[in-house]
Amino acid sequence: MGRANLDCTSRVVAIEHAMSLFDGPAVIVAHSGGCVMVAHWAMVTRHASRVVGCLLATPPDFDCPMPAGYPTLDSLRAGGWLPVPRERLPFRSLVAASRDDPLASFQRVQALAHDWGSELLDLGSVGHLNPASGYGPWDRAEALIQHLSWAPPPS
């Protein structure tokens, strides 16, 4: 991956731009590195009050070296991904975690969910919830999105 592909700031700007294109409530769904991207965006956005819920599926642990074929810690740092925001997210969120994700231990994702103020959903052993782990469309996501869209936020 070239550095342009790892530029977190340009991706955060893209989320902010997409949110500015419509009015009304939004539910955000992110997977893997997109979860970290959303955490960065949440720290700078003007649109947080419009987010009624956010599903964060199998976030990676960017604080530890990734397996071969994934970006290095140095390239993540150079791309603006590190440090990973650990502040409470300004909207309701649900982190879906795997017990055998090659990109993050369950305990590290559990700590991240805690720091973000997110509900934690233990998915069991689903790998990284991607095609390499045997997944295509993830039917359960629809029910989780509905849960985030209609359930009242925690008090």
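Here the structure is shown first, and the text comes after it.
Residues numbered from 1 in each chain as written. Predicted model: local features only at pLDDT ≥ 70, side-chain atom pairs only at ≥ 80, totals over all residues. Heavy atoms only, no water.

S.K.: Where do I start with the pairing of strand E1 (residues 26-31) in this structure?
M.R.: Across the two faces of E1 the burial differs, with Ala26, Ile28 and Ala30 buried and Val27, Val29 and His31 not buried at all. Here six bridges tie E1 to strand E2 (residues 51-57), and the two strands are oriented parallel to one another. Its bridge partner being in E2, Val27 is matched across the sheet by Gly53. (Buried < 20%, exposed > 50% of the residue type's maximum accessible area, 1.4 Å probe, protein only. Helix = DSSP H or I, 4+ residues; strand = E, 2+ residues; numbered from the N terminus. Pairing = 2+ DSSP bridges.)

S.K.: Would you mind showing me how to read the environment of Arg88 here?
M.R.: Mapped onto the secondary structure, Arg88 falls in the loop between helix H3 (73-78) and strand E3 (93-97). Linking Arg88 and Met43, residues 45 residues apart in sequence, is a C-alpha distance of 9.2 Å. Setting aside its immediate chain neighbours within four residues, Arg88 contacts Met43, Asp115, Trp116 and Gly117. (Contact = heavy atoms within 4.5 Å.)

S.K.: What is the right way to look at a nonpolar patch on the surface in this model?
M.R.: There is a patch of nonpolar side chains on the surface, built from Val27, Val29 and Val52 and spanning about 190 Å² of accessible area. Mapped onto the fold, Val27 is located in strand E1. When its relative accessible area of 30% is taken as the criterion, Val27 is described as partly exposed. (Patch = residues over 30% accessible without salt bridge, like charges linked within 9 Å, V, L, I, M, F, W, Y side chains within 5 Å. Areas by Shrake-Rupley, 256 points an atom, 1.4 Å probe, with all protein chains shown as cover. Salt bridge = Lys/Arg side-chain N within 4 Å of Asp/Glu carboxyl O.)

S.K.: Before we go on, may I ask you to explain the nonpolar core in this structure?
M.R.: Proteins that are soluble and globular tend to have nonpolar side chains buried together. Counting 36 residues, the largest nonpolar core has Val38, Trp41, Leu56, Phe62, Trp81, Phe91 and Trp116 as the members making the most contacts within it. Going through the elements one at a time, helix H1 (8-20), E1, helix H2 (33-42), E2, E3 and helix H4 (106-116) are the ones with two or more residues in this core. Broken down by element, the residue count for this core peaks at seven residues, all from H2. Contact partners of Trp81, with chain neighbours within four places excluded, come to Leu6, Asp7, Cys8, Arg11, Gly33, Val36, Met37, His40, Phe62 and Leu76. (Core = buried A, V, L, I, M, F, W, Y, C linked by side-chain atoms within 4.5 Å.)

S.K.: Would you mind showing me how to read unusual backbone geometry here?
M.R.: Most peptide bonds take the trans configuration, and most residues that are not glycine carry a negative phi. In this structure, the amide linkage connecting Leu82 to the following residue, Pro83, adopts the cis form with an omega of 0 degrees. With respect to the helices and strands, Pro83 occurs in the loop between H3 and E3. Of note, the phi angle at Ser32 is positive, near 55 degrees, even though the residue is not glycine. Its place among the elements puts Ser32 in the loop between E1 and H2. Within the chain, Thr58 stands out as a residue other than glycine whose phi angle is a positive 45 degrees. Tracing the chain through its elements places Thr58 in the loop between E2 and H3.

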